[in-house]
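Each chain, letter by letter, is given below.
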Amino acid sequence: MPSTSALSRLQSAGLYALELEAVSRHFGALVALADINLTVKAGERRAVLGSNGAGKTTLFNAITGDFPPTTGRVRLFGEDVTDLPVHERIRRGLRRTYQISLLFGGLSVIDNIYLACRGVSRGRFSLRRPRKDDSGMEAAETLLSAVHLDNVRDTPVGDLSHGQQRQLEIALALAGAPRLILFDEPAAGLSPTERTELVEILQALPDHIGFIIIEHDMDVALRVSESVTMMHNGRIFKEGTPEEIENDPEVQELYLGHGHG
Ligand SMILES: Nc1ncnc2c1ncn2[C@@H]1O[C@H](COP(=O)(O)OP(=O)(O)OP(=O)(O)O)[C@@H](O)[C@H]1O
């Protein structure tokens, strides 16, 4: 993983983690994304906001390749990945979390993280129980702490609270060497205390890991991001700093005034 000084070199060299050029996505006659131009710098933390149906998840699907764009180009770290499958984008450091849980409920917390670490490593996979000095296990222990789950290390995932499961999903997204993570509504269904913990976890991520967060909770979204993209009807409606977006009268009229967050 690059260090912080490597990050500043990348940024001063003008390297973008993500560049979307005239990206659109149609579902039959429905235009879910229309002519999206978006750049995210290496290490940048960006919130994507917008009301239901604005196109936020479709945007994530276009970036990951789950649903490739109908037109337009997607570049990751300077490389055109528009025609590459999902796993090739993962190899290049892209990760995502989903609104629905994809955890192995019968396995322990540490085993879920270990499997994620092994899944993205290039070594041979073994069904034997890992040794303590297994490098995948060391990485898993580090991620366990990063998401504040040390106290439930050996607990079956099915016995975790909803909030702990969301924290575990973040650990899985951190497996390997992520450079850009897409978080899809990580605060959904969390209690106020769990939201505070989520903010702490996201704020403490290493500087070189950039992320884009879709989040209806404005407080969470604005506290963890340095830039904000507002979407409306499949288009980018506004971009700015969290302060600019929060104080923008049009944003307030369109979004904040309608009971979101
Ligand atoms: N697989 C699909 N097939 C058909 N229409 C789809 C599909 N996925 C999304 N859409 C439509 O595209 C539009 C954008 O949906 P999208 O899920 O991206 O919005 P969103 O901003 O993520 O909303 P939410 O906040 O509710 O998750 C909506 O009109 C939705 O119904």
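These lines cover the structure that appears in this document, whether it is placed above or below. (Residues numbered from 1 in each chain as written. Predicted model: local features only at pLDDT ≥ 70, side-chain atom pairs only at ≥ 80, totals over all residues.)

## Quick notes on the sheet that holds strand E6 (residues 94-96)
Then comes step 1: The strand order across the open sheet built from six strands is E6-E7-E8-E3-E9-E10, with neighbouring strands paired in mixed fashion. Sheet topology places E6 and strand E10 (235-240) at the edges, where each strand pairs with a single neighbour. Ignoring strand direction, the axes of neighbouring strands in this sheet form an average angle of 20 degrees.
Then comes step 2: With three bridges connecting them, E6 and strand E7 (residues 180-184) associate as parallel partners. Looking at E7, one finds that Arg96 is bridged to Leu182.
Then comes step 3: Across the sheet, helix H2 (residues 56-64) lies against strand E3 (45-49), E6, E7, strand E8 (210-214) and strand E9 (227-232), angled at about 150 degrees from E7, the strand it touches most. (Pairing = 2+ DSSP bridges. Helix = DSSP H or I, 4+ residues; strand = E, 2+ residues; numbered from the N terminus. Axes fitted to C-alpha atoms, helices over the stretch in contact; angles between N-to-C directions. Contact = placed C-beta atoms within 7 Å.)

## Quick notes on the environment of His216
Then comes step 1: Note on placement: His216 falls in the loop between E8 and helix H8 (218-224).
Then comes step 2: Between the C-alpha atom of His216 and that of Glu185, which follows or precedes it by 31 residues, the distance is 6.9 Å.

## Regarding the pairing of strand E4 (residues 71-76)
Then comes step 1: Direction of pairing for strand E1 (residues 16-27) relative to E4: antiparallel, over a ladder of five bridges. What sits directly across from Leu20, in E4, is Val74.
Then comes step 2: Sheet topology places E4 next to strand E5 (residues 79-80); two bridges connect them, and they run antiparallel. Pairing of Leu76 across the sheet is with Glu79, part of E5.
Then comes step 3: If you look at the hairpin formed by E4 and E5, you'll find two residues sitting between the two strands, and Phe77 has a positive phi there, around 45 degrees.

## Digging into the packing of helix H4 (residues 109-120) against helix H6 (residues 162-174)
Then comes step 1: Running from N to C, H4 and H6 cross one another at 25 degrees; their axes reach a closest spacing of 8 Å. The orientation of H4 with respect to H6, classified from their angle, is roughly parallel. For the crossing formed where H4 meets H6, the hand is right-handed. Residue-level inspection shows Val109, Asn112, Ile113 and Ala116 of H4 in contact with H6, the latter providing Leu168, Ala171 and Leu172.
Then comes step 2: Taken together, the residues that form the contact of H4 with H6 break down as six nonpolar, one polar and no charged. (Parallel < 35°, antiparallel > 145°, perpendicular 65-115°, else oblique. Left-handed = near helix turned anticlockwise from the far one by under 90°. Nonpolar A, V, L, I, M, F, W, Y, C, P; charged D, E, K, R; others polar.)

## Re the site of the ligand
Then comes step 1: Surveying the vicinity of the ligand reveals the residues Phe27, Leu30, Ala32, Gly50, Asn52, Gly53, Ala54, Gly55, Lys56, Thr57 and Thr58.
Then comes step 2: Looking at the shell around the ligand, the elements with two or more residues in it are strand E2 (30-41) and H2.
Then comes step 3: Of all the elements, H2 adds the most residues to the shell around the ligand, at three residues.
Then comes step 4: When its residues are assigned to classes, the shell around the ligand shows four nonpolar, six polar and one charged. (Near = placed C-beta within 6 Å.)

## Observations concerning H4
Side chains of residues three or four places apart in an α-helix project in the same direction, reflecting 3.6 residues per turn.
Then comes step 1: Between its first and last C-alpha, H4 extends 17 Å over 12 residues, near the 16 Å set by a 1.5 Å rise per residue.
Then comes step 2: Taken residue by residue, H4 has Val109, Ile110, Asn112, Ile113, Tyr114, Ala116, Cys117 and Arg118 as its buried positions.
Then comes step 3: Close packing links the buried residues of H4 with helix H5 (135-146) and H6. (Expected span 1.5 Å × (residues − 1). Buried ≥ 20, exposed ≤ 12 C-beta atoms within 10 Å, placed from the backbone.)

## Things to note about the nonpolar core
Then comes step 1: With 66 residues, the main nonpolar core has Ile113, Leu143, Leu144 and Ala171 as its most contacted residues.
Then comes step 2: Apart from the residues within four sequence positions on either side, Ala171 is in contact with Ile113, Leu143, Leu144, Ala146 and Val147. (Core = buried A, V, L, I, M, F, W, Y, C linked by C-beta atoms within 7 Å.)

## Quick look at H6
Then comes step 1: Its 13 residues give H6 an end-to-end C-alpha distance of 19 Å, which sits within 8% of 18 Å, the value for a rise of 1.5 Å per residue.
Then comes step 2: Of all 13 residues in H6, 10 are buried; the element is thus mostly enclosed.
Then comes step 3: Every buried residue belonging to H6 is among Gln164, Arg166, Gln167, Leu168, Glu169, Ile170, Ala171, Leu172, Ala173 and Leu174, and all of these are buried.
Then comes step 4: In this structure, the buried side of H6 is in contact with E6, H4, H5, E7 and helix H7 (192-203).
Then comes step 5: Looking one or two residues beyond H6, the residue adopting positive phi is Gly176, at roughly 80 degrees.

## A few points about unusual backbone geometry
Then comes step 1: Of note, the phi angle at Asp35 is positive, near 55 degrees, even though the residue is not glycine.
Then comes step 2: Among the structural elements, Asp35 can be located in strand E2.
Then comes step 3: At Glu185, a residue that is not glycine, the phi angle is positive and equals roughly 50 degrees.
Then comes step 4: With respect to the element layout, Glu185 can be found in the loop between E7 and H7.
Then comes step 5: Judged by the 20 C-beta atoms lying within 10 Å of it, Glu185 falls in the buried class.

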